[in-house]
Amino acid sequence: MKKNILILSFLLIGFCGFAQNDEALTRETVQKSTIKGHIYFLASDELRGRETGSPEIDIAAKYLSTTFQRYGVAPVPGATEGYFQEVPLVKTITPDAYSLKIGDRVVDPEGLLRLEGANIDTKAEIVFMNYGLEKDFEDKKLAGKIAVVLAGREDAQDWRSVFMESAAKSKRAKEAGALGLVELHTQSPDNWIQFKRFTGGSVVGIKREEESSNSGFFNLWVKDYDSNFQKAVSDKKKPLFEVLISKEMQIEIPSKNVVGMVEGTDPELKNEYVIYSAHYDHIGVGKPNAEGDSIYNGARDNAVGVVTVMSAAESIAKNPTKRSALFILFTAEEKGLLGSRYYTENPLLPLEQMVYCFNSDNGGYNDTSIATIVGLGRTTAEKHIKEAAETFGLTAIDDPAGEQGLFDRSDNVNFAKKGIPAPTFSLGFTAFDAEIGKYYHQQADNPETMDYDYLEKFFSAFVLSARLIANDSETPFWTEGDKYYEAGKALYNEN
Ligand SMILES: [Zn+2]
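Residues numbered from 1 in each chain as written. Predicted model: local features only at pLDDT ≥ 70, side-chain atom pairs only at ≥ 80, totals over all residues. Heavy atoms only, no water.

Where an unreviewed UniProt entry is consulted, the protein chain appears under the name M28 family peptidase, with the organism given as Marivirga aurantiaca.

### Points about the pattern of salt bridges
Evaluation of the coordinates by the stated rule reveals 26 salt bridges. Between Lys-196 and Glu-110 there is a salt bridge whose closest N-O contact spans 3.2 Å. With Lys-196 in helix 6 (residues 191–199) and Glu-110 in the loop between strand 4 (105–106) and strand 5 (112–116), this residue pair connects regions lying 86 residues apart in the sequence. The closest approach of N and O atoms between Glu-345 and Arg-208, which form a salt bridge, is 3.2 Å. A residue pair is termed long-range when its members are at least 10 positions apart, and Glu-345 in helix 9 (residues 338–345) and Arg-208 in the loop between strand 10 (202–206) and strand 11 (218–223) qualify at 137 residues. Overall, the relative accessible area of 37% leaves Glu-345 in the partly exposed class. Salt bridges sharing partners connect three or more residues here, namely Lys-101, Lys-123 and Glu-242. (Salt bridge = Lys/Arg side-chain N within 4 Å of Asp/Glu carboxyl O. Helix = DSSP H or I, 4+ residues; strand = E, 2+ residues; numbered from the N terminus. Buried < 20%, exposed > 50% of the residue type's maximum accessible area, 1.4 Å probe, protein only.)

### Observations concerning the domain arrangement of the protein chain
Examined at the domain level, the protein chain breaks down into domain 1 (24–88 + 254–493) and domain 2 (98–251). Its C-alpha centre places domain 1 at a distance of 41 Å from the equivalent point of domain 2. Across the contact, six residues belong to domain 1 and five residues belong to domain 2. Both sides together, the interface formed by domain 1 and domain 2 hides about 520 Å², and carbon and sulfur atoms give 61% of it. Here domain 1 is connected to domain 2 by two residue pairs in polar contact (both at pLDDT 80 or more). By residue class, the composition of the side of domain 1 that touches domain 2 is three nonpolar, no polar and three charged. (Domains from an automatic or database assignment. Contact = heavy atoms within 4.5 Å. Buried area = accessible area lost by both parts, 1.4 Å probe. Polar contact = N/O pair within 3.5 Å; in protein donor to acceptor, adjacent residues only side chain to side chain. Nonpolar A, V, L, I, M, F, W, Y, C, P; charged D, E, K, R; others polar.)

### Some details on helix 2 (residues 32–42)
Given 3.6 residues per helical turn, the α-helix brings residues three or four places apart onto the same face. Within helix 2, burial applies to Ile-35, His-38, Ile-39 and Leu-42. What you see down the axis of helix 2 is that its buried residues fit within an arc of 90 degrees, all on one side. Where helix 2 is buried, its residues contact helix 3 (55–71), helix 8 (299–318) and helix 13 (452–471). (Arc of directions from axis to C-beta.)

### Structural notes on helix 6
Within helix 6, the full set of buried residues consists of Asn-191, Trp-192, Phe-195 and Thr-199. Across the axial projection of helix 6, the buried residues extend over an arc of 95 degrees, all falling on one side. Facing away from the buried side of helix 6, by more than 90 degrees, are the exposed residues Ile-193 and Arg-197. Buried positions along helix 6 lie against strand 5, helix 5 (159–175), strand 9 (180–185) and strand 11.

### So, the side chain of Thr-331
Mapped onto the elements, Thr-331 comes out in the loop between strand 16 (324–330) and helix 9. Other than its neighbours up to four places away in sequence, Thr-331 contacts Thr-52, Ile-57, Val-87, Ser-255, Lys-256, Asn-257, Tyr-280, Asp-281, Leu-338 and Gly-339.

### Brief notes about the packing of aromatic side chains
In the structure shown here, the tally under the stated rule is 28 aromatic pairs. Each ring, one from Phe-68 and one from Phe-327, has its centre 6.0 Å from the other, and the planes form 40 degrees; the classification is tilted. Within this pair, whereas Phe-68 is found in helix 3, its partner Phe-327 is found in strand 16, the two being separated by 259 residues in sequence. Assessed through its relative accessible area of 0%, Phe-68 is described here as buried. The exposure class assigned to Phe-327 is buried, which follows from its relative accessible area of 0%. Ring geometry for Trp-192 and Phe-195: centres 6.5 Å apart, planes at 85 degrees, overall edge-to-face. Here Trp-192 pairs with Phe-195, and both are found in helix 6, just three residues apart, close to one helical turn. In terms of burial, Trp-192 and Phe-195 fall into one category: buried. A connected cluster of aromatic rings, assembled from ring pairs, spans Phe-68, Tyr-83, Tyr-276, Phe-327, Tyr-356, Phe-358, Tyr-365, Phe-425, Tyr-454, Phe-458, Phe-459 and Phe-462. The cationic tip of Lys-36 hangs over the ring face of Tyr-452; the distance from NZ or CZ to the ring centre is 5.2 Å. (Phe/Tyr/Trp six-rings, centres within 6.5 Å; stacked < 30°, edge-to-face > 60°. Lys NZ or Arg CZ within 6 Å of the ring centre and 35° of its normal.)

### Things to note about the pairing of strand 9
Where a strand is regular, its side chains alternate between the two sheet faces. For strand 9, the buried fraction is high: six of the six residues fall into the buried class. Side chains of strand 9 alternate between two faces, with Gly-180, Val-182 and Leu-184 and Leu-181, Glu-183 and His-185 buried alike. As defined by bridge partners, strand 8 (residues 146–150) adjoins strand 9 across five bridges and the pair is classed as parallel. Its bridge partner being in strand 9, Ile-146 is matched across the sheet by Gly-180. Read from strand 8 through helix 5 to strand 9, the crossover connection turns out right-handed. Of the strand pairs in this sheet, strand 9 and strand 11 are connected by six bridges, and their pairing is parallel. If you follow Leu-181 over to strand 11, its bridge partner there is Asn-219. (Pairing = 2+ DSSP bridges. Right-handed = clockwise from strand over helix to strand, strands pointing away.)

Here's what the structure looks like:
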């Protein structure tokens, strides 16, 4: 009995000893002056909001890679110029002209929207298919014809439902062999403004070798709140449709993730990696606000996230942890989580060796006594994060805005989908309130509007969490029953 107590106290002393050591090592490198320097540079007007594809985001990438170099972070095998992973993106610009003629009536361009299709010039017969539901399409052969349907469902006309239904109808029409789909919007005129906003402009995506956006299929929406077109197509003598959609343009956008690594010190555990990640892009320059400021500096979103990674890199390069560390700064998060998706599809190191992804993304804060970790309770590393936060006078709380679906809205989700436990460490917020809205994706998200005493605690909590997780003999994992628990088992057991 006594012997057991003795062993137990040895273990406790040993454990506290490590924790204290990690606390001291954290304090050694996390400095307010360093933090400020990084953030004031990354969120400076000169970097013009770091939009993916802009020359200024490349300056940010260079700054981050040379900082890795200065800290003694090693290049990852396979990276170009030492610290870059090229991410080939392509911007698709909507055809500037499209038109629809029904019989001899030209549809007013103001009442016409293009959802799909490019480089099309065709004249064809139409088939009216009611709301275009599953039962309407059953066993229908529409080769060489155009399917015309009513938008939404009889009982669902809110804009979200109309959008979702549209994708399903488009799929059905394609499967039935139709040349294209025309949807008549006969209800809820208020929706039209929303739709116009969503369908204009350009889309950025990952460049795929096999991609051919010209399947020849089109989906056009027609504003028909007086039901004139509906009457015309329901007529016995059906008019011919003439569709003209000009070519779309594709522009290649060079972009890159910035990556670096530090090998672990433990002969066994060094085969396991903890990823520290954040996106470094933001949304660039837009219309000036009331103060005449047009630059979206992105100090909170996401210079702060970048600095969590840089703080961990500085600490771990100087005093490596037992597990190896992989640092990744993603491009094109704001374009739809593209940099992280590309990385998980083209990893530089085997994904099954990545045991944890500690991501950071930020919108703003409204409580400087806490750090908000989206997914805190979803991994077994919760205890370390709570302890680390407490050490620096903060309380770690879980996502307070579950309904926003934040876990699935940042880069961490691409890793989670592969099975890698991946929470997102964020500045303290208790709700998505006006204080957050003041800065979130606003021109006012400037470096001089932040509290650097709080930030020092925040970054210290991140670095200490990182050190505790990377030094723990127990490998972190999803808590049982989590949505991604099985994906995790599949990733690590198969290999
Ligand atoms: Zn962000």
